[in-house]
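Working through the structure, step by step
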Amino acid sequence: MDLMVEASPRRIFANAHTYHINSISVNSDHETYLSADDLRINLWHLEITDRSFNIVDIKPVNMEELTEVITAAEFHPHQCNVFVYSSSKGTIRLCDMRSSALCDRHAKFFEEPEDPSSRSFFSEIISSISDVKFSHSGRYMMTRDYLSVKVWDLNMESRPVETHQVHEYLRSKLCSLYENDCIFDKFECCWSGSDSAIMTGSYNNFFRMFDRTTRRDVTLEASRENSKPRASLKPRKVCTGGKRKKDEISVDSLDFNKKILHTAWHPAENIIAVAATNNLYIFQDKVN
């Protein structure tokens, strides 16, 4: 018989959110967790299903005054009183639950000033943060916006310490990406177990890996055509104009329906999981 796997809920935590939940993060105390939607973040006890504490509420009295929404939230990996949440305006707020029960006043505010020369109609949309993740060490956090991944030092709020371009070649295509709604895609990002590398997805079933020490980066492709077991992944290159080399793929022939939004990295080994639409790929470092 085929093995059938079925998930059955052990507990259901209900009636706390009016909007779609975008994040769930378990606290390092292993007793509580947070859940976030567009306007509120709630704190739950894992044993109590029928009530939660509201710790962030950005809902204005008049909904017409709404200018931003919460896009992601996560607890600090070691300090159980600290969590961050990101917004559609490209900002990140770090909150400390010890200072007050309702964390409407943040302890730290991370924002990179916008370069006025590159401002365009799409600036606000592409600066919206789709994911925020603390490093395993707890010293850094990483944020993903539409075109880039940024690494922030928690001790420096004014600008990120690293900015990695994920698919800069799409900047000239923002108009058509807006028309087909792809500009609103929410890409996740993740850290390697040692925090030395980061990974995030792109279009055409491409995913990007950045080595933080050597500053080298690579584009790889997860597809059924080139994923025979034990076969090595070949780096891919995108050609932005001019003459296309043999192995390169042209920007105009990228498939925007094939996108990798979800990726995960094994906490201890060099094994990664990549979700490409309805296929899950697992790759590991080459074993000699």
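Everything numeric here is computed off the predicted structure, so don't read it as measured data. (Residues numbered from 1 in each chain as written. Predicted model: local features only at pLDDT ≥ 70, side-chain atom pairs only at ≥ 80, totals over all residues. Heavy atoms only, no water.)

Overview of the packing of aromatic side chains
Where we set the bar: Side-chain rings of Phe, Tyr and Trp (the six-membered ring for Trp) are treated as a pair once their centres are within 6.5 Å; stacked means planes under 30 degrees apart, edge-to-face means over 60, and tilted covers the remaining angles. Runs of E in the DSSP output that reach at least two residues are strands. Runs of H or I that reach at least four are helices, and both are numbered from the N terminus.
Using the criterion set out here, one finds 15 aromatic pairs in the structure. Between Phe13 and Trp44, the aromatic rings sit 5.4 Å apart at their centres with planes inclined by 80°, giving edge-to-face as the arrangement. Remark: Trp44 occurs in strand β3 (residues 40–45) and Phe13 occurs in the segment before β1 (21–26); sequence separation between them is 31 residues. Aromatic rings pair up to connect Phe121, Phe122, Tyr178 and Phe184 into one cluster.

What about unusual backbone geometry?
What counts here: Only protein chains enter the accessibility calculation, which uses a 1.4 Å probe; a residue is then buried when its area is under 20% of its type maximum, exposed when over 50%, and partly exposed in between.
One non-glycine residue, Asn205, lies in positive phi territory at about 60°. Its place among the elements puts Asn205 in the loop between β14 (197–201) and β15 (206–211). Take Asn205: its relative accessible area is 7%, and that puts it in the buried class. At Thr277, a position not held by glycine, the phi torsion is positive, near 55°. By the element assignment, Thr277 lies in the loop between β20 (271–276) and β21 (279–284).

With respect to the layout of surface pockets
Under the convention used in this document: Note on definitions: the grid is 1 Å and covers protein atoms alone; a cavity is a set of points where a 1.4 Å probe fits but cannot get out; a pocket is an open set with protein on both sides within 12 Å along at least five of seven lines; lining residues have an atom within 4 Å of a point. Grid points are joined across faces, edges and corners, and a volume is the space filled by probe spheres set on the points.
Empty space within the largest pocket amounts to approximately 1,100 Å³. Forming the boundary of the largest pocket are 36 residues, of which Leu220, Phe283, Gln284, Asp285 and Lys286 lie nearest the centre. If you list the elements that add at least two residues to the lining of the largest pocket, you get β15, β16 (217–221) and β21. Considering every element that reaches the lining of the largest pocket, the biggest residue donor is β21, with 4 residues.

Details of the side chain of Glu74
Note the following rule: Neither His nor the chain ends is counted toward charge; the positive residues are Lys and Arg and the negative residues Asp and Glu. Only one rule defines a salt bridge in this text: a Lys or Arg side-chain nitrogen within 4 Å of an Asp or Glu carboxyl oxygen. Here a polar contact is recorded for every N or O atom pair within 3.5 Å, except that within protein the pair must consist of a potential hydrogen donor and a potential acceptor, and residues adjacent in sequence are included only if both atoms are side-chain atoms.
Within the element layout of this structure, Glu74 appears in strand β5 (residues 70–75). Comment: no salt bridge for buried Glu74; closest opposite-charge side chain is Lys133, at 5.7 Å. Within the structure, Glu74 has its side chain in polar contact with the backbone nitrogen of Phe134 (distance 2.7 Å).

With respect to the sheet that holds strand β4 (residues 53–57)
Just so we agree on the cut-off: Note: two strands are recorded as paired if DSSP finds a minimum of 2 bridges between them. In this analysis, axes come from line fits to C-alpha atoms, helices being fitted only over the stretch in contact, and the angle between any two N-to-C directions falls in the range 0 to 180 degrees.
Overall, antiparallel pairing links the 4 strands, which are arranged β1-β2-β3-β4 in an open sheet. A strand with exactly one partner marks an edge of an open sheet, and here the two such strands are β1 and β4. The average undirected angle you get between the axes of adjacent strands in this sheet is 20°. Pairing between β1 and strand β2 (residues 32–37): 5 bridges, direction antiparallel. Across the sheet, residue Ile24 finds its bridge partner in β2, namely Ser35.

Notes on the side chain of His76
Our working definition: Residue contacts are defined here by distance: any two heavy atoms, one from each residue, within 4.5 Å place the two residues in contact.
By the element assignment, His76 lies in the loop between β5 and β6 (82–87). Residue His76 is classed as buried on the basis of its relative accessible area of 4%. A distance of 3.0 Å separates a polar atom in the side chain of His76 from the backbone nitrogen of Gln79. A distance of 2.9 Å separates a polar atom in the side chain of His76 from the backbone oxygen of Gly138. Leaving out residues up to four positions away in the same chain, His76 has contacts with Ser28, Val82, Phe83, Phe134, Gly138 and Leu154.

Things to note about the nonpolar core
Inclusion rule: Grouping buried Ala, Val, Leu, Ile, Met, Phe, Trp, Tyr and Cys residues that are joined through side-chain atoms within 4.5 Å yields what is termed a nonpolar core.
Ranked by internal contacts, the top residues of the largest apolar core, which has 18 residues, are Tyr146, Leu170, Leu177 and Leu254. When near neighbours in sequence (up to four residues on either side) are disregarded, Leu170 contacts Leu147, Leu177, Tyr203, Leu254 and Phe256. One finds Phe207, Met209, Ile260 and Val274 within the second-largest nonpolar core, a separate group that totals 14 residues.

Here's the deal with the pattern of salt bridges
This model, assessed by the stated rule, comprises 15 salt bridges. A salt bridge links Asp145 to Lys150; the nearest nitrogen and oxygen atoms lie 3.6 Å apart. Asp145 sits in the buried class, given a relative accessible area of 9%. The class of Lys150 is buried, set by a relative accessible area of 15%. Between Arg236 and Glu221 there is a salt bridge; the shortest N-O distance is 2.2 Å. Taken together, the positions of Arg236 in the loop between β16 and β17 (237–239) and Glu221 in strand β16 put the pair 15 residues apart, joining distant regions of the chain. On the accessibility criterion, Arg236 (23% relative accessible area) is partly exposed. Under the relative-accessibility criterion, Glu221 is labelled buried at 11%.

Structural notes on the state of the cysteines
A covalent bond bridging the sulfur atoms of two cysteines is what the word disulfide describes. Rule in force here: Note on terminology: pairs of cysteine sulfur atoms within 2.5 Å are recorded as disulfides.
Applying the stated criterion across every chain yields a total of 0 disulfides. For Cys182, which is in no disulfide, the shortest distance to another cysteine sulfur is to Cys175 and amounts to 13 Å. Looking at Cys182, the relative accessible area reads 4%, which means it is buried. Counting only cysteine sulfurs, Cys190 is the nearest neighbor of Cys189, a cysteine outside any disulfide, at a range of 7.3 Å.

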